[in-house]
Amino acid sequence: MVKVIFVLAYLIFAPFVGALLDGVDRIISARMQRRKGPKLLQPFYDLGKLFSKERIGVNNVQLFLNMSYLVILMIAGSMLFAGADLLMVLFILSTADMFLIMAASSDSSPYSNMGSSREMLQMMAYEPLTLLVAVGFYLTTGSFLVSDIIREDISAVLWMPGLLAGFMFTTAIKFRKSPFDLSTSHHAHQEMVKGLTTEMSGTTLAIMNIAEYYEMVLLLGIFFLFFVNSTWWSWIVALLLCAVIFFLETLWDNVSARVKWKTLLYSCWVVTLVAGGVNILILMLDK
Amino acid sequence: MIPFLIGIPAVLAVVFQIVRNEKIRGYIVYAGAGAIMAMTVVFIADWIGGGAKTWMFYPRTETIDHLMTAGDIFLMCLIVWLSVRYKRVLPMILSILQTVLVLYVEFTAEVTEGPHMMVDWLTILMCIIIAFIGGFICIYTVGYMKGYHQHHKDVKDRQPFFFSMLFLFLAAMFGLVLSQNLIWIYFFWEITSVISFLMIGYTRAEEAVGNSFCALWMNLLGGLGFAIAIVLMALGQESLQLTEVVSTGALLPLMCLSLAGLTKSAQLPFSTWLLGAMVAPTPSSALLHSATMVKAGVYLLIRISPALSGNLVGLIVSSIGGLTFIMASMMAIAQNDAKKVLAFSTISNLGLIVACSGIGVEETVWAAIFLMMFHAVSKSMLFQSVGATENTLGSRDIEDMHGLIIRVPRLAYIMGIGIAGMYLAPFGMLISKWVALKAFVDSGNVVLVLCIAYGSATTMFYWTKWLSKLLCRHIPRDTVKDVTRKDEYLSMLFHACVMLLMCLLLPLVARWLVNPIVRQLFGNSKDVLSMSVLATMAIMLVSIFVVPVAMFFISRRSHTELVPIYMNGINEGDNRFFTNSYGEKEHLYLSNWYLRFEFGRRHLRIPSIIIAAAVLVIGICLVIGGVSW
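Computed from a predicted structure; not experimentally measured. (Residues numbered from 1 in each chain as written. Chains lettered and ligands numbered in written order. Predicted model: local features only at pLDDT ≥ 70, side-chain atom pairs only at ≥ 80, totals over all residues.)

1. Section: the overall build of chain B
Helix and strand counts for chain B stand at 25 helices and 6 strands. Relative to the 2.2 N^0.38 estimate, which gives 25 Å for 629 residues, the radius of gyration of chain B is 24 Å and therefore close to what a compact globule would have. Counting only C-alpha atoms and orienting by the principal axes, one finds that chain B spans roughly 85 × 55 × 50 Å. The contacts in chain B between residues at least 6 apart in sequence include a share of 82% that link residues at least 24 apart. (Helix = DSSP H or I, 4+ residues; strand = E, 2+ residues; numbered from the N terminus. Rg over C-alpha atoms; globule rule 2.2 N^0.38 Å. Contact = placed C-beta atoms within 7 Å.)

Below is the structure:
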C-alpha cells in the first residue's frame, strides 16, 4: 500500500517538483550572476506555452520516440519509488536515454546528430559509476532492493563516501549542467545551437522537458538513498542534504565553463576508478 | 539416434561433392537442414520422454576408436600438406606434436573404460543451437552465395566445397557436444579447427590464406593444450572422461583444457584469428560466431566451470575473460566496418561468458548460459542481415547504412532487433549481465566488477551509434533494389521471432532449460533466480517493449506539419543539400563518431595482447609450479 502511494506520488508530483527545482535553479543562477532572474513558476509557464504551440516537426517519429523516453523514465522512477531493484532501475534508465538519442538522430539534422553523438559519449562517461553505485549499495546493505536499503540502521554514505563524491561529479552530466553539458544545455547560444534538442519544438520539446524533470527527481531519489536509514529524522536530513547537493550542482554550473569531450570522458572515468573503484575495493575487503 | 545426428550432415557433405547442379543442391540443402532439425526434435522428444536423465553411451568402441585414430592422422597429413604447400612451419609442428601425443596415449596408456558419449541438458541446449541456428544459416547460405558470386566475380565459384564444409561443421559440432571421452572430443575439436581454416581460405586470396593460417595455428595451439590435457589425464588419473576432469579437479589438465577453450573462443591474446576470419563469405562468419566454433570453446569452459570455482585456473580464465570483454568493446568503437564491429562484439561478449565460467558458481554459469543463447541468436541474425545488406548496397560500411530504414526497411528492422537484442533492456542479455554483476560482486573480484562496469558502457556506445545510424531518416541519394532472396528472409525472420519469443518467455526458458542445466552441472537443486523475481522482471521488461508500440499509435493521431531541418538557414530545398561557402549546393554528409585516436586498434591491440599473454603465461607457470591458491 505504501509502495503504491509512493509510486503515485512520484508519477503525479515529480514533474511539479522538477519544474519547481528548475525555477529555483534559474533564480539562484541569476542571483549568482547578479541578475534578478525569472519568476519561480516560469518553467510552468514555459511548458504551458510549449503545449499551446502549433504542431510542427521534422518528421513523425520524433514525438513517439520522445513519448517513449518519457514513459520509460516514468517506469524507471516508479520502480525506484516502489522499492525495486536499483540495478534494474539504472539499466532501464539507460534504455530510456536510448530513446532520446534515437529521437535526436531520427533525422539527418547536423546539429541534432552531433548532440546525440555527444549524448552517447556522456552515457559512456557516467554509466560505469552508476553501476558501481548500485554495487556499493549491494555491498553495504547486502541487497540491491531499494526497500531494503532504506531500512538499514546506519546511512549508506558512511560506507560509501567515495561513491557519493563520484556520483555528485557525474550527475552534472545527467542534470545537463556545465562543465558537462555537451550534448545540449539550457542555453541556445552554444556551438551546436541546442544540440540534442535542436529539432524538437512545441509538444515534443515539452515532453522532453517533463521527462527530464522525472529524471531529476529520480536522481535525487538515488542521492536520498545515500543518507536515509531506519530512523524517521534521517528522512528529513536526507531531503535537506539532497537540496544541498542540488545547490552545489547549480553552483558548479555557474563557476565552470564547458569542457571538451576528452576532458569529460577521462575525468569521469578517472573519478569513477579512483573514487568509485577504491571505495568498492575497501567495501569488498571489509564486508 | 546419435549416429544420425552426426551422420546426416556428414553424408550430406559428401553428397554436395557429387551433385553439381545449383538448383538441386539448393533443394538438398533445404531438405538436409530440415532433416537435421527434425532429427534433433525427435531426439530431444525421445530423451525427455525417457525421463530427461543423463544418458551414457558406448562403453566399448574399438572400431570407432581406430577410425578416429585414422581420422586424426588424416587431419595431420592434410595440415602438413597444406603447410608445405603454403610454406608455413608453425601449424605443421603444432599439428604433428599433438597428434603424436594423442597417438601415444591411445596405444600405450592403460585407462579405465567408460562411456564415450553423454546426453544431458547442456548437450540438449547445444544441439538445439547447432541444429536450428546452424540449420537456418545453411538455408540462408543458398540464397546468399548466389548474390555473393554476382558481386565477387573475381572469386572462383567453389560452392559445393563451401556447402560440404558447412554441413561437416555441423556434424563435427554435434559430435563434439555429445562426446564425453576426451579423445573423441579432441577428434571433433580438430575437425572444427581444420574446417574453419578451410572456410576462411575460401576466396584463396592472399589475405584470406594468411588469415586462415593465423586461425589454424592459434587453434592448433589450443589443440596442443587439449592433447597435453589428454596425456596428463591418462598418465595421472588413468581416465579419459571429461566428468573425471571436473570431479578430480587436477589443476594442470584443467589449465590445458582452458587454454584450448580460450583459443577456440578467440579470447585475448588469441582474438586475432576471429577478426581475420571476416574475409570469408558471411555465412561462414555467421556460423563461426553463433552456432559453432566459438561456441565450442565456451561450451568446454562451461562444462569444466564447476571445477574452476575459486582456484588459480578459474582466476586466470576469468581475468582473461574480463580483460577481453572491456578491451574488445573499446576497440569495437573505432570500427566502421560492420563485420569488424560484429567480430569485436563477439569477442567481447564471449569474454563476459568466459569470465562467468571462470568464476564457476551457479549464478555465473546461469548467466553464461543465457548470454550464450542470446548471443547465438542475435549474432547469427546480425551477420545474416549485414551480409544481405552488403549484397544489396555493395558495401558493409556502417557509414553507408545511413538511413537504411528508408532504403531497405526490412533489413533495417531485422538488424535493429539484432542490435537491440545485444544490449537493450527488454532483452535477455541485460538480465544475464545483471546476474553476472551480482555474482562477480559476491565472488569478491573487484577487477571483474570494474571490467563489467566500464565494458557495458563502451558496449552501449558502439551499438547505439550503429542503431541511430540505421534509424536516421534520410532521403536516399539513389534507390537500391533489395536483392535479398526469400530463403535469406526466411532464416532472418526465424531468428527475429526466436529472439522476441525468448525475450517474452524468459521465465519459462529459465525454468525449463537453464535451471536444469545448472542443476546438472552443480548437482544441487537451487534456483538462481526465483520464479517470482523472474516473472516480475519479465513483465517489467515486456512493458518497456510495449511502450514504444503504444506511443507510436498514440502519436500517430496527432497531426504534425513537417518542416525542413535546421541548417543555419542555408537549406537548399529538401533536407539533403546546403549552401556552402562558395555559394554552391553541397550534399550533406553525416558521419558517426569513431574516436579512432583514442580507442583505435593501433593503440589498444598490442598492449591488450601483451597483458593477456602475460596473465596467461604467468598463470600457466604458477599452475605448473604447483602454487596453490
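2. Considerations on the overall build of chain A
Within chain A, the secondary structure is distributed over 10 helices and 1 strand. When the helices and strands of chain A are listed from N to C terminus, the series reads α-α-β-α-α-α-α-α-α-α-α. Compactness check: chain A gives a C-alpha radius of gyration of 19 Å against a globular reference of 19 Å for 287 residues, within 12% of the reference. Each principal axis of the C-alpha atoms in chain A carries an extent, and together these give about 55 × 45 × 40 Å. A buried classification covers 57% of the 287 residues belonging to chain A. (Buried ≥ 20, exposed ≤ 12 C-beta atoms within 10 Å, placed from the backbone.)

3. Overview of the sheet that holds strand β5 (residues 574-579) of chain B
Adjacent strands of a sheet pair through backbone hydrogen bonds, lying either parallel or antiparallel. All names here are of chain B. Strand order in the open sheet formed by 3 strands is β4-β5-β6, and the pairing between neighbours is antiparallel. Looking along the sheet, the strands with just one partner apiece sit at the ends: β4 (571-572) and β6 (585-587). Summarising the sheet, β5 and β6 pair through 3 bridges and their orientation is antiparallel. The partner of Phe577 across the bridge, within β6, is His587. (Pairing = 2+ DSSP bridges.)

4. Quick notes on the confidence of the model for chain A
For chain A, per-residue confidence averages 90 on the pLDDT scale, and residues scoring 70 or more make up 99% of the total. Across chain A, the secondary-structure element scoring lowest on mean pLDDT is strand β1 (residues 56-57) of chain A, at 85, and the one scoring highest is helix α2 (residues 42-52) of chain A, at 94. (pLDDT = per-residue confidence, 0-100.)

5. Overview of the UniProt feature "transmembrane region" (unreviewed entry) in chain A
Mapped onto the present numbering, the UniProt feature "transmembrane region" (unreviewed entry) falls at residues 6-24, 63-81, 125-150, 156-175, 204-226, 232-252 and 264-285 of chain A. Structurally, residues 264-285 of chain A is divided into 100% helix and 0% strand, and its ends, taken at the C-alpha atoms, are 30 Å apart. (UniProt positions renumbered as here; feature names shortened; annotations may be inferred.)

6. Re the packing of helix α18 (residues 409-423) of chain B against helix α21 (residues 486-504) of chain B
Residues and elements named next belong to chain B. At a minimum axis distance of 10 Å, the contact between α18 and α21 shows a crossing angle of 35 degrees. Considering only the axes of α18 and α21, their crossing is left-handed. Only Met492, Ala496 and Met499 of α21 make contact with α18, whose side of the interface consists of Ile414, Ile417 and Gly421. Grouping the amino acids of the contact of α18 with α21 by side-chain chemistry returns 5 nonpolar, 1 polar and no charged. (Axes fitted to C-alpha atoms, helices over the stretch in contact; angles between N-to-C directions. Left-handed = near helix turned anticlockwise from the far one by under 90°. Nonpolar A, V, L, I, M, F, W, Y, C, P; charged D, E, K, R; others polar.)

7. Side note on the interface of chain B and chain A
Counting residues at the interface gives 45 residues for chain B and 49 residues for chain A. Listed by contribution, the elements that provide at least two residues to the side of chain B that touches chain A are α19 (428-443), α20 (446-471), α23 (531-556) and β3 (561-562) of chain B. Among the elements that take part in the side of chain B that touches chain A, α20 of chain B stands out by supplying 14 residues, more than any other. A breakdown of the residues in the side of chain B that touches chain A according to their chemical character gives 30 nonpolar, 12 polar and 3 charged. Of the strand pairs in this sheet, β1 of chain A and β3 of chain B are connected by 2 bridges, and their pairing is parallel.

8. Some remarks on the confidence of the model for chain B
Averaged over every residue, the pLDDT of chain B is 86; the share at 70 or more is 98%. Between the elements of chain B, mean pLDDT differs from a low of 75, seen in α23 of chain B, to a high of 92, seen in helix α14 (residues 312-333) of chain B.

9. A look at the pairing of β5 of chain B
Residue and element names in this part refer to chain B. Bridge count between β4 and β5: 2 bridges; the pairing is antiparallel. Paired with Asn571 across the two strands is Phe578, which belongs to β5. Counting the residues that bridge the hairpin from β4 to β5 gives 1 residue, and of these Gly573 lies at a positive phi of roughly 75 degrees. Between β5 and β6, which pair antiparallel one after the other, the connecting turn spans 5 residues, and Gly583 there sits at a positive phi close to 80 degrees.

10. Quick word on helix α4 (residues 86-104) of chain A
Relative to the 27 Å expected for 19 residues at 1.5 Å per residue, α4 of chain A spans 27 Å between its end C-alpha atoms, a close match to the ideal helical length. Counting buried positions along α4 of chain A gives 19 out of 19 residues, so the element sits mostly inside the fold. (Expected span 1.5 Å × (residues − 1).)

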